[in-house]
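Analysis of the macromolecular model
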Amino acid sequence: MAKLLALSLCFCVLVLGASSVTFRQGGEENECQFQRLNAQRPDNRIESEGGYIETWNPNNQEFQCAGVALSRTVLRRNALRRPFYSNAPLEIYVQQGSGYFGLIFPGCPSTYEEPAQEGRRYQSQKPSRRFQVGQDDPSQQQQDSHQKVHRFDEGDLIAVPTGVAFWMYNDEDTDVVTVTLSDTSSIHNQLDQFPRRFYLAGNQEQEFLRYQQQQGSRPHYRQISPRVRGDEQENEGSNIFSGFAQEFLQHAFQVDRQTVENLRGENEREEQGAIVTVKGGLRILSPDEEDESSRSPPSRREEFDEDRSRPQQRGKYDENRRGYKNGIEETICSASVKKNLGRSSNPDIYNPQAGSLRSVNELDLPILGWLGLSAQHGTIYRNAMFVPHYTLNAHTIVVALNGRAHVQVVDSNGNRVYDEELQEGHVLVVPQNFAVAAKAQSENYEYLAFKTDSRPSIANLAGENSIIDNLPEEVVANSYRLPREQARQLKNNNPFKFFVPPFDHQSMREVA
């Protein structure tokens, strides 16, 4: 037992501690050789009872180069995205709305429990809930327990490791809109580089299945036909349980046949899909408060602020339940999995005349070091520019959230491989080291940029502290065949680091 615990501790340290080393699988030869880049739109929509899922074609060369897949999910009021896990790490950005989500980390304890006696607690729905085995006999009541439930809000970035089950629920009137990146080139994905969703419930179409069929790829394992009894085929669902025989599931869960049929997704209406509507709303257990009567109820944001509440909850758990810390709960089981990336009063980069930028990497959210991913959220004002720049160690997947911008991308041969307007809903993949610049064409151009490294580095080609600015004046003058005065102007005329306010070309020509 001691050896097993030691190995578990070592694993946790390696997973969350050694985040500076990130491995990605190599793609096929020439996947990143482009004569022209194309902005992509979603080309497939799967409707469900409570919303829909849109996907971009992962077979496009741009996505193949970056080794990623992209999808967008819309959850309507009281909609539940059924639990699933994926063969690749996920980054989920909440573009709109708020609600609840959960991650199920295998081996971690169920720290949320119904109390033995009815106590006060805050819930997403006002009515109290007990999970009952009997009818009205209190002695037959069985308390529910589960892993932590998180609150999400607009602008949050959620990190989901490979194989970790995930669910999401919308308890507000506003639709929840999320954009999800699947890093299929991650070393954590040892299947082929194709996005897969392993659903734990329902009988719905797998959102990326049609692309796999178009590609003609086949699984690298032997597919066994389902057993047939009489004229009835046993495998009627499409979730992970539907492939198991009923007697296996009855034995494993020790439940009746009717429950197993529901577990396998049998007799489901086709329109229910991956997103179902919860009648009357979902009742979710939230943490007990020690002294609720002595203070006013916290706001929803304060109640579910992980950075502030996690140490207190963990200490309470250690003191009241175990009396010691076993190391596992201190790392994976209690790791923060979300960070707000949206519009902030304290952005990382801000120019009141040009725009702002906020980043979340492994320094802000350590679990991203495990996933090997990060993200940025930027806003550029009309006619302002994000100077030409490139990312040293990552591909960039740009999602236009609002507005439009004129974007140019240049490859290693000096060819302009993209020179178009990027509009809301477009996705543009900018390969590693390709130079890119953007100029806003609308009042506010808002974008999301997924990065395929947990600590990406950006090099500016113009402006203060750029590559040109840091070259010696003599090197600039002789490299570009310029007089010393013009070389000095090239280095020093732009005092801005990232965002440049609108520029009057006419006045510059008059000065010249």
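Calculation notes
- Residue indices follow the written sequence of each chain, beginning from 1 at its first position.
- The predicted nature of this model means local features are confined to residues of pLDDT at least 70 and side-chain atom pairs, given and counted, to a pLDDT of 80 or more, with totals for whole chains, interfaces and linings taken over all residues.
- Hydrogens are left out, water is left out, and the side-chain values use all remaining heavy atoms of the structure.
- UniProt positions are given in the numbering used here, feature names are shortened, and annotations may be inferred rather than shown by experiment.
- When DSSP finds at least two bridges between two strands, those strands are taken to pair.
- For the purposes of this entry, the term helix denotes a DSSP run of H or I that reaches at least four residues, the term strand denotes a run of E that reaches at least two, and both are numbered from the N terminus.
- A fitted line through C-alpha atoms represents every axis, and for helices the fit uses only the stretch in contact; the resulting angles, taken between N-to-C directions, go from 0 to 180 degrees.
- Within 6.5 Å between ring centres, the rings of Phe, Tyr and Trp (the latter by its six-membered ring) count as paired, and their orientation is classed by plane angle as stacked under 30 degrees, edge-to-face over 60, tilted in between.
- We call a residue buried when its accessible area falls under 20% of the maximum for its residue type, exposed when it is over 50%, and partly exposed in between, using a 1.4 Å probe and counting protein chains only.
- Throughout this description, the term charge over a ring refers to an Arg CZ or Lys NZ atom that lies within 6 Å of the ring centre and within 35 degrees of the ring normal.
- Salt bridge, as applied in this entry: a Lys or Arg side-chain nitrogen positioned within 4 Å of an Asp or Glu carboxyl oxygen.
- Here a cavity is any set of points on a 1 Å grid over the protein atoms alone where a 1.4 Å probe fits but cannot get out, and a pocket is any open set with protein on both sides within 12 Å along at least 5 of 7 lines; a residue lines the site when it has an atom within 4 Å of a point.
- Grid points are joined across faces, edges and corners, and a volume is the space filled by probe spheres set on the points.
- Three residue categories are used. Nonpolar comprises Ala, Val, Leu, Ile, Met, Phe, Trp, Tyr, Cys and Pro, charged comprises Asp, Glu, Lys and Arg, and polar comprises the others, including Gly.

- Within an unreviewed UniProt entry, the label attached to the chain reads Iso-Ara h3, and the organism entered is Arachis hypogaea.
- Its UniProt record gives the chain the following Sequence similarities (unreviewed entry) comment, quoted word for word: "Belongs to the 11S seed storage protein (globulins) family."
- You can read under Subunit (unreviewed entry) in the UniProt record for the chain the words "Hexamer; each subunit is composed of an acidic and a basic chain derived from a single precursor and linked by a disulfide bond."

1. Quick notes on the sheet that holds strand 26 (residues 396-402)
- Reading across from one edge, 22-23-24-31-26-29 is the order of the 6 strands in this open sheet, with antiparallel pairing throughout. Each of the sheet's edge strands pairs with one partner strand only, and the pair in question is strand 22 (349-351) and strand 29 (427-430). Neighbour to neighbour, the strand axes of the sheet diverge by 15° on average, direction disregarded.
- Direction of pairing for strand 26 relative to strand 31 (residues 444-451): antiparallel, over a ladder of 6 bridges.

2. What to know about the packing of aromatic side chains
- Inspection of every chain in the model, using the stated rule, returns 10 aromatic pairs.
- Ring geometry for Phe 101 against Phe 152: centres 6.4 Å apart, planes inclined by 45°, an arrangement best described as tilted. On the criterion of sequence distance, the pair formed by Phe 101 in strand 6 (residues 99-104) and Phe 152 in strand 12 (residues 149-152) is long-range, its members being 51 residues apart.
- Given the relative accessible area of 0%, Phe 101 is considered buried.
- In this structure, Arg 45 packs its charged tip against the face of Tyr 52, placed 3.8 Å from the ring centre.

3. Overview of the pairing of strand 2 (residues 51-55)
- Burial analysis of strand 2 places 5 of its 5 residues in the buried class, the great majority of the element.
- Neither face of strand 2 is open: one carries Gly 51, Ile 53 and Thr 55, the other Tyr 52 and Glu 54, and all of them are buried.
- Note that strand 1 (residues 44-48) and strand 2 share 5 bridges and pair antiparallel. Along strand 2, the bridge assignment pairs Arg 45 with Glu 54.
- A loop of 2 residues connects strand 1 with strand 2, the two strands running antiparallel in sequence.

4. Topic: the pattern of salt bridges
- Under the defined criterion, the tally for this structure stands at 22 salt bridges.
- Across the pair Arg 82 and Glu 268 runs a salt bridge whose closest N-O atoms are separated by 2.7 Å. Here Glu 268 lies in the loop between helix 5 (257-263) and strand 19 (275-277) and Arg 82 lies in strand 4 (residues 79-86), a separation of 186 residues in the sequence.
- The residue Asp 171 makes a salt bridge to Arg 151 at a minimum N-O spacing of 3.0 Å. Of this pair, Asp 171 sits in the loop between strand 14 (165-169) and strand 15 (176-182) while Arg 151 sits in strand 12, and the two are 20 residues apart along the sequence. For the pair Asp 171 and Arg 151, a shared accessibility class is recorded, and that class is buried.
- In the salt-bridge network here, residues are joined through shared partners; they are Glu 473, Glu 474, Arg 484, Glu 485 and Arg 488.

5. Details of the sheet that holds strand 21 (residues 338-340)
- With respect to topology, 7 strands assemble into an open sheet ordered 1-2-3-15-5-13-21, the strand pairing being antiparallel. Each end of this open sheet is capped by a strand with a single partner; those strands are strand 1 and strand 21. Each strand of the sheet is rotated relative to its neighbour by a mean of 20°, with strand direction disregarded.
- Bridge count between strand 2 and strand 3 (residues 69-75): 5 bridges; the pairing is antiparallel. Paired with Ile 53 across the two strands is Thr 73, which belongs to strand 3.

6. A few points about empty space enclosed by the protein
- Tallied over the entire structure, the rule returns 4 cavities of 30 Å³ or more.
- Empty space within the largest cavity amounts to approximately 240 Å³.
- What lines the largest cavity is a set of 22 residues, among which His 389, Thr 396, Val 398, Val 436 and Tyr 447 lie closest to the centre.
- Breaking the lining of the largest cavity down by element, the ones donating at least two residues are strand 24 (374-381), strand 25 (385-391), strand 26, strand 29, strand 30 (435-440) and strand 31.
- Taken together, the residues of the lining of the largest cavity sort by class into 17 nonpolar, 4 polar and 1 charged.
- There is about 70 Å³ of room inside the second largest cavity.
- Lining the second largest cavity we find Ser 71, Thr 73, Arg 81, Phe 84, Leu 90, Ile 92, Phe 166, Met 168, Thr 178, Thr 180, Arg 197 and Glu 207.
- For the lining of the second largest cavity, the elements supplying multiple residues, two or more each, are strand 3, strand 4, strand 5 (90-96), strand 14 and strand 15.
- For the lining of the second largest cavity, the class distribution of residues is 5 nonpolar, 4 polar and 3 charged.

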